[in-house]
Amino acid sequence: MNPFLVPGCVNARTPLNPGVHGTHEDYADVDHTERQFVAFQEDFEKGDGVLRDGRLVVVSGPYGSGKTALVNRCVKWLDAKVRKGNRHPVVVDLRRDRLDRGEVTKRIKFIAGRLVDDLRTRGLLEIGGEVAQRIDEPDRMFPILSQVLGENTFLVILLPPSGDLVGELIEYARFARGKLLFFAETAYWGSLRERRGEFHTAGGAPPLFLELGPLAAGDGDTFWEFRLERFRAYGTWPHGDGPPRVAENKLKSLVSQRPMSIGELQLVLHALWELLRAEATQPEWISDEHFWRAYNMLYESGTGDR
Amino acid sequence: MTTPQAGFANPFPSTANASGQPVDPEVAVHTPAVTTATALFDAFLRGGQQGEVLAVIGGAGTGKTYLSGVLRGMADQAEPPVRSFYAQVSATSFHGVLGSFVRAVKRDESTVRAGVRHLFAQVVADALGDSDLGRNIGSQLRAGQLDPVTLVQRMRLDRSAYLETLTARLEQLTDHPGIATALTLLLRPGFDHAVWTWLAGGEPAGVLRDRRITAALDTDADALQAMGALISVVCAPGRKLLLTFDELERTFRGDLPLTEETTTALRRFLASAVNAGAFVVLSGFMSFLENVPDDVRDRIGPTIQTSPFQPEDIQQLVSTSRETVSHDAVAPPPFSPQVVEHLADLTAGVPRLIVDLSHRLVRATRPTTPTIDEATIETAAHAYVEERHGAYFAEEVERALTEQGCKVVPNDYVDESPDSHVDFWVSESDSGDGCAILVAENVISTADFNRQRDRILTVKRRRPTSEILVVVKGFLAQGAARVLTDLTGRRPLVAQPGRIGRDLGRTAKAILASLETRDPVERVSNQLVKLGRDQANMQSYVAQLALSMNEIRTTNERHLAEIIDRLAPPSPAVEPGAPAQLPPAVEAMLDDALHVLAELLGRVDTLFTDSLHVAPDRARDTRMALRSRLRQRNTSAAAGVVVLLQRLISAFGAELRLWYAQEIPKGQAGRDTRQLDALCQTYSVACEYLPLFQLDELRHVTARFAGDVDEIPTERSAEIRASELFGNLAGRVQAELTGPTAVRRR
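All of these numbers come straight from a predicted model, not from anything done at the bench.

1. Some words on the overall build of chain A
In step 1: Along chain A, the regular secondary structure elements total 13 helices and 7 strands.
In step 2: Per-residue burial over chain A gives 52% buried out of 306 residues.
In step 3: Restricting the contact set of chain A to residue pairs at least 6 apart, pairs at least 24 apart contribute 76%.
In step 4: For chain A, the accessible area works out to roughly 13700 Å², and carbon and sulfur atoms hold 48% of it.

Next up, the structure:
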């Protein structure tokens, strides 16, 4: 097994998704992810207020920083939590709907249409009902939707990435209201910070911002150890006792030289593991050359392609 | 380029290069302007990544566009090839230039995309730095060996952060957040149309509004920033660029000075283009340079003036053009020297017309003809008119005049003679005076000229207070042009294909407006003055002989020498005491004329003084410009004309004073006017044989470098002014001395 591939994942760039593949325990505590998860839990531990008022949760951070994985984790946790209180969360995942080139108004209308289709398929909305008639007017549709849902039902809507369209997120902040919970991601965290103030004046419930960052100096070793521990428990190294060792401070140096995301590190280590496993002669220490070759192999193979 | 006709390969294109298309420098005609410009451009090509701003000024059709084409040809042949963009200004603002510039750049949009990609590669390389994993990658990115977009995608690098950094860098480069955002979007698929439409001045599409680009680029400053940004981006990978803005007289106008904001933006634009590595050619009439603000002019390097082609230039053009077809088909026969002279005269040396007419000359030549001769010219000129104006000329003219609000009567006759045909009688109302528009096909031969002269005289006789405008559809011999100008008081309008409606509409409107504002008494008085002037200029009809009898020239020169001898200043010994003063108005006329001439010679002094006292860092440019000016073949001739005119006017004034000092014989109402007539007539004849139009040449030559070209009018207006100031001096003097005021003085 390659410890840098989560069991059940197809490749090293698939985000963690507890319940689909892996568990909450698969999350390494790197790049602030644990702190942000806790912040989310605290926000939703406050009681029914959040579900009554609705919420836009915006997860921001560099590419590969684990935004999708954090959203998955939050949704999984929330689902389990509210079910205990006899609530019925309905998760609508629209993240695969790629809308890169459209205008914000058209994108939002498209999402509104997809949402209504999904809810009708599940029998939660009437065909031809008032909500369905208002999909071209999201300003009116979301308030009506909020009202027609059953007393204990609430929607968890996972939005497609907004990219550089911070204005779109501000619109969703406006739509958030009772029983409507939006999750959004953006890698344009710089632009998001610049326009934070606009979210608060947009109307709707105050959003929750969760920020992920690049890896901290010690995160490289934390991640390596975290995954190797699992390997030692479940895996075997084909060339003997265990894989070659990483020199002290090597990973610290690697993630400190420039901002690096957990996604990039995972890709590199996954490629490195495959490289070492294929080596006929096993070195005792993993050299810079090994890292470089792994990095090069990654580029040549295109396995990191999104 | 070649069009086989009548057994010959035709080396001349059917339509001359009026759109800045590249011209092969190997076969280009190397006029002094072209030689200087190509030397400068060659130095730029061989040098580092430092640009240059070159001003090219000259009259309509003197080869400015051709010069740009030659530089573009050089750019194409450079190694590595240099991109070139040619934008013909069709508007009065830089905002109007933006559209044509962006369209020109977009035709080669891959260069812009490559430039943005190069800048993105620098951002990624900087981010990777010399980290262990980034080893060698930075240098490969900077050298263009790795595609930054693919790298970022494959290695899961922080694309959004890099794109934001790129936008920030582009903002520093362009000083415009919207332009920076738009250019960054070119790295992403699906935004091209929206970005290019907006850059060309269109309203921002929804996808751009979503990214906080909320307004069109609708000011001059915006347009200049956008153009500067595109140039910087194209040049970013170390690429050189040639950029021509042609017909800039439309943008730099005396009646529409640039705002401070535009001036600042223009200065920055030129600075950024030069720093980026662009060779910028600013081209237009002389008036364009005159209206360039001082702090912008500082950014302009050398100035080159284009002049009409001389016969030897035409001969070179013919020879090199024939060589281009000699290897693959039957080259046309050579042009006789007379044809070349005639071409120079009919086209006024305008390269565009020379090519147009040459194409048709070759086409009209029989396969067995050993030399293309003058007999072919009329056929070729006729073909030119047929092809360029077609059957809809009259309709186009009538529509243009009507659109100007004129009342138009086509095919009017002022009496019953065939000469009384007026193609269009134009007036503002049913009553009152109007303007007779007489359309001629070509005015090349003596017969052509006589026909138009007779028509003019008929109209003048029948409708003496009307105005007359001659419109020539094809070619107009220069001698005929001068005489027709004297006869009608305005230069004939030579129809430019595609523009005749607009040009004629405006001219007719201006004539009618002048009629409207003129007092009826003043009009009659002016007509009397005109009649007097016409009379004084009757001798100018002699010029028509020159159209067909070159041999008369020698006799005329001898005649001129005799006249000047006769008009030599009287010896003080013969005439003791100071001669009587003429009336102040006449003295003022003579003084004005002498003052203008003295001022012209003064400019020559200033030119030399300035050139010798220039700072060392500008000495090279100054020498180059001075050489270029002095090399122009008409310079010394023009200086000679000034001196001859000075002598002539001084002598004329002295003779007039002698005549005026005579006692009025008893029993007579005034002085002997026959003697005054003879004096004035002699002066006018002498003037007729001096090439007054060359005075303007001297004015251009002595204009300072890229700077104080003060009041340089267009060539046509200058020629008319010279004709009025010197050519018509005798007419005005005579009117003053014998007119109503003179009678009162007696």
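2. Concerning the overall build of chain B
In step 1: Assigned secondary structure in chain B consists of 33 helices and 12 strands.
In step 2: Looking at chain B as a whole, 53% of its 746 residues are labelled buried.
In step 3: Summarising the internal contacts of chain B: among those between residues at least 6 apart in sequence, 75% fall at separations of at least 24.
In step 4: Total accessible area on chain B is roughly 32100 Å²; 51% of this is exposed by carbon and sulfur atoms.

3. Digging into the interface of chain B and chain A
Interfaces are often sized by the amount of accessible area the parts lose when they come together.
In step 1: Across the contact, 32 residues belong to chain B and 43 residues belong to chain A.
In step 2: A buried area of about 3400 Å², summed over both sides, lies between chain B and chain A, and 51% of it is on carbon and sulfur atoms.
In step 3: When the buried surface of chain B facing chain A is broken down by residue, Leu133, Arg154 and Arg156 of chain B rank first, second and third, together holding 26% of it.
In step 4: For the pair chain B and chain A, the number of links is 4 salt bridges.
In step 5: One salt bridge connects arginine 212 of chain B with glutamate 194 of chain A, and the closest N-O pair in it is separated by 4.0 Å.
In step 6: The tally of links between chain B and chain A comes to 11 residue pairs in polar contact (both at pLDDT 80 or more).
In step 7: Listing elements by their share of the side of chain B that touches chain A, those giving two or more residues are helix H4 (109–128), helix H6 (148–154), helix H7 (159–174) and helix H10 (206–209) of chain B.
In step 8: For the side of chain B that touches chain A, the leading source of residues is H6 of chain B, giving 5 residues.
In step 9: For the side of chain B that touches chain A, the class distribution of residues is 14 nonpolar, 7 polar and 11 charged.

4. Considerations on the confidence of the model for chain A
In step 1: Mean pLDDT for chain A: 87, with 97% of residues reaching 70 or above.
In step 2: Per-residue pLDDT, averaged within each element of chain A, yields its smallest value for helix H2 (residues 49–53) of chain A (77) and its largest for strand S4 (residues 180–186) of chain A (95).

5. Topic: the sheet that holds strand S8 (residues 407–413) of chain B
Residues and elements named next belong to chain B.
In step 1: In space, the 5 strands of this open sheet follow the order S8-S9-S10-S11-S12, with mixed pairing throughout. Because the sheet does not close on itself, it has two edges, and the strands there are S8 and strand S12 (493–494).
In step 2: Judged from the 4 bridges that link them, strand S9 (residues 421–427) and strand S10 (residues 434–440) form a sheet pairing that is antiparallel. Across the sheet, tryptophan 425 pairs through a bridge with alanine 436, a residue of S10.
In step 3: Each of S9, S10 and strand S11 (467–472) is contacted by helix H20 (residues 446–462), which is oriented at about 165 degrees to S10, the strand it contacts most.

6. Focus on the nonpolar core
Residue and element names in this part refer to chain B.
In step 1: Membership of the largest hydrophobic core comes to 115 residues, with the highest contact counts inside it found for Phe101, Leu151, Leu183, Leu199, Ile231 and Phe245.
In step 2: For this core, the element with the highest residue contribution is helix H11 (residues 220–235), accounting for 11 residues.
In step 3: Setting aside its immediate chain neighbours within four residues, leucine 199 contacts Leu98, Val102, Leu183, Leu217, Ala226 and Leu230.
In step 4: Leu71, Met74, Val443 and Ala480 belong to the second-largest nonpolar core, a separate cluster that totals 69 residues.

7. Brief notes about the pairing of strand S1 (residues 55–60) of chain A
Residues and elements named next belong to chain A.
In step 1: Within S1, 6 of the 6 residues are buried, leaving the element largely enclosed by the surrounding structure.
In step 2: Residues Arg55, Val57 and Val59 of S1 are buried on one face, and the alternating residues Leu56, Val58 and Ser60, pointing to the opposite face, are buried as well.
In step 3: As paired elements, S1 and S4 share 6 bridges and run parallel to each other. Looking at the pairing, leucine 56 lines up with phenylalanine 182 of S4.
In step 4: Bridging between S1 and strand S5 (residues 208–211) involves 4 bridges; their strand directions are parallel. Note on S5: the bridge partner recorded for valine 57 is leucine 208.

8. Considerations on the sheet that holds strand S4 (residues 83–88) of chain B
All names here are of chain B.
In step 1: With parallel pairing, the 5 strands of this open sheet are ordered in space as S4-S5-S6-S3-S7. Among the strands making up the open sheet, the edge pair consists of S4 and strand S7 (303–305). Within the sheet, the average angular offset between the axes of one strand and its neighbour, ignoring direction, is 15 degrees.
In step 2: When strand S3 (residues 52–57) meets S7, the two strands line up parallel, connected through 3 bridges. Opposite valine 56, over in S7, you have isoleucine 304 as the bridge partner.
In step 3: Contacting S3, strand S5 (241–246), strand S6 (278–284) and S7, helix H1 (residues 32–46) runs over the sheet at an angle of about 150 degrees to S7.
In step 4: Across the sheet, helix H12 (residues 260–276) lies against S3, S5 and S6, angled at about 140 degrees from S6, the strand it touches most.

9. Concerning helix H3 (residues 94–106) of chain B
In step 1: With 13 residues, H3 of chain B ought to run about 18 Å at 1.5 Å a step, and its terminal C-alpha atoms sit 18 Å apart, in line with that.
In step 2: Against S4, H4, helix H9 (192–199), H11, S5 and H12 of chain B lie the buried residues of H3 of chain B.

10. A word on the pattern of salt bridges
Any two side chains of opposite charge can pair, so long as their charged atoms come close to each other.
In step 1: Taken as a whole and judged by the stated rule, the model has 53 salt bridges over all chains.
In step 2: Ionic pairing is found between lysine 106 of chain A and glutamate 103 of chain A, a salt bridge with its closest N-O pair at 3.7 Å.
In step 3: Residue class for glutamate 103 of chain A comes out partly exposed when judged on its relative accessible area of 24%.
In step 4: For aspartate 454 of chain B, the salt bridge identified is with arginine 453 of chain B, shortest N-O distance 3.2 Å.
In step 5: Overall, the relative accessible area of 26% leaves aspartate 454 of chain B in the partly exposed class.
In step 6: For arginine 453 of chain B, a relative accessible area of 17% gives the class buried.

11. Details of the packing of aromatic side chains
In step 1: Applying the stated rule across the entire model yields 27 aromatic pairs over all chains.
In step 2: A centroid spacing of 5.8 Å and a plane angle of 50 degrees characterise the contact between phenylalanine 40 of chain A and phenylalanine 183 of chain A, whose relative ring orientation is tilted. Of this pair, phenylalanine 40 of chain A sits in helix H1 (residues 33–45) while phenylalanine 183 of chain A sits in strand S4, and the two are 143 residues apart along the sequence. Each of the two residues, phenylalanine 40 of chain A as well as phenylalanine 183 of chain A, counts as buried.
In step 3: Ring geometry for tryptophan 659 of chain B against tyrosine 660 of chain B: centres 6.4 Å apart, planes inclined by 45 degrees, an arrangement best described as tilted. When sorted by exposure, tryptophan 659 of chain B lands in the same class as tyrosine 660 of chain B, which is buried.
In step 4: Directly above the aromatic system of phenylalanine 37 of chain A lies the positively charged group of arginine 73 of chain A, at a separation of 4.1 Å from the ring centroid.
In step 5: Just above the ring of phenylalanine 291 of chain A sits the side chain of lysine 250 of chain A; from NZ or CZ to the centre is 5.5 Å.

12. Quick word on helix H29 (residues 673–688) of chain B
A turn of α-helix holds 3.6 residues, and therefore any two residues three or four places apart point the same way.
In step 1: For H29 of chain B, built from 16 residues, the straight-helix expectation of 22 Å at 1.5 Å per residue is met to within 8% by its first-to-last C-alpha distance of 22 Å.
In step 2: Every buried residue of H29 of chain B is accounted for by Leu676, Leu679, Cys680, Thr682, Tyr683, Ser684, Val685, Ala686 and Cys687 of chain B.

13. Regarding the packing of H4 of chain B against H11 of chain B
Residues and elements named next belong to chain B.
In step 1: One way to put it is that H4 packs onto H11 with a least axis distance of 7 Å and a crossing angle of 70 degrees. Classified by the angle between their axes, H4 and H11 sit roughly perpendicular to one another. For the pair formed by H4 and H11, the contact residues are Thr111, Val112, Gly115, Val116 and Leu119 on the first element and Leu230, Val233 and Val234 on the second.
In step 2: Looking at side-chain class alone, the contact of H4 with H11 contains 6 nonpolar, 2 polar and no charged residues.

14. A few points about the side chain of threonine 376 of chain B
All names here are of chain B.
In step 1: Within the secondary structure layout, threonine 376 lies in helix H18 (residues 375–389).
In step 2: Residue threonine 376 is classed as buried on the basis of its relative accessible area of 11%.
In step 3: Discounting residues that sit within four places of it in the chain, threonine 376 has contacts with Leu361, Ala364 and Thr365.

The rules we used
- Residues numbered from 1 in each chain as written.
- Chains lettered and ligands numbered in written order.
- Predicted model: local features only at pLDDT ≥ 70, side-chain atom pairs only at ≥ 80, totals over all residues.
- Heavy atoms only, no water.
- Helix = DSSP H or I, 4+ residues; strand = E, 2+ residues; numbered from the N terminus.
- Buried < 20%, exposed > 50% of the residue type's maximum accessible area, 1.4 Å probe, protein only.
- Contact = heavy atoms within 4.5 Å.
- Areas by Shrake-Rupley, 256 points an atom, 1.4 Å probe, with all protein chains shown as cover.
- Buried area = accessible area lost by both parts, 1.4 Å probe.
- Salt bridge = Lys/Arg side-chain N within 4 Å of Asp/Glu carboxyl O.
- Polar contact = N/O pair within 3.5 Å; in protein donor to acceptor, adjacent residues only side chain to side chain.
- Nonpolar A, V, L, I, M, F, W, Y, C, P; charged D, E, K, R; others polar.
- pLDDT = per-residue confidence, 0-100.
- Pairing = 2+ DSSP bridges.
- Axes fitted to C-alpha atoms, helices over the stretch in contact; angles between N-to-C directions.
- Core = buried A, V, L, I, M, F, W, Y, C linked by side-chain atoms within 4.5 Å.
- Expected span 1.5 Å × (residues − 1).
- Phe/Tyr/Trp six-rings, centres within 6.5 Å; stacked < 30°, edge-to-face > 60°.
- Lys NZ or Arg CZ within 6 Å of the ring centre and 35° of its normal.
- Parallel < 35°, antiparallel > 145°, perpendicular 65-115°, else oblique.

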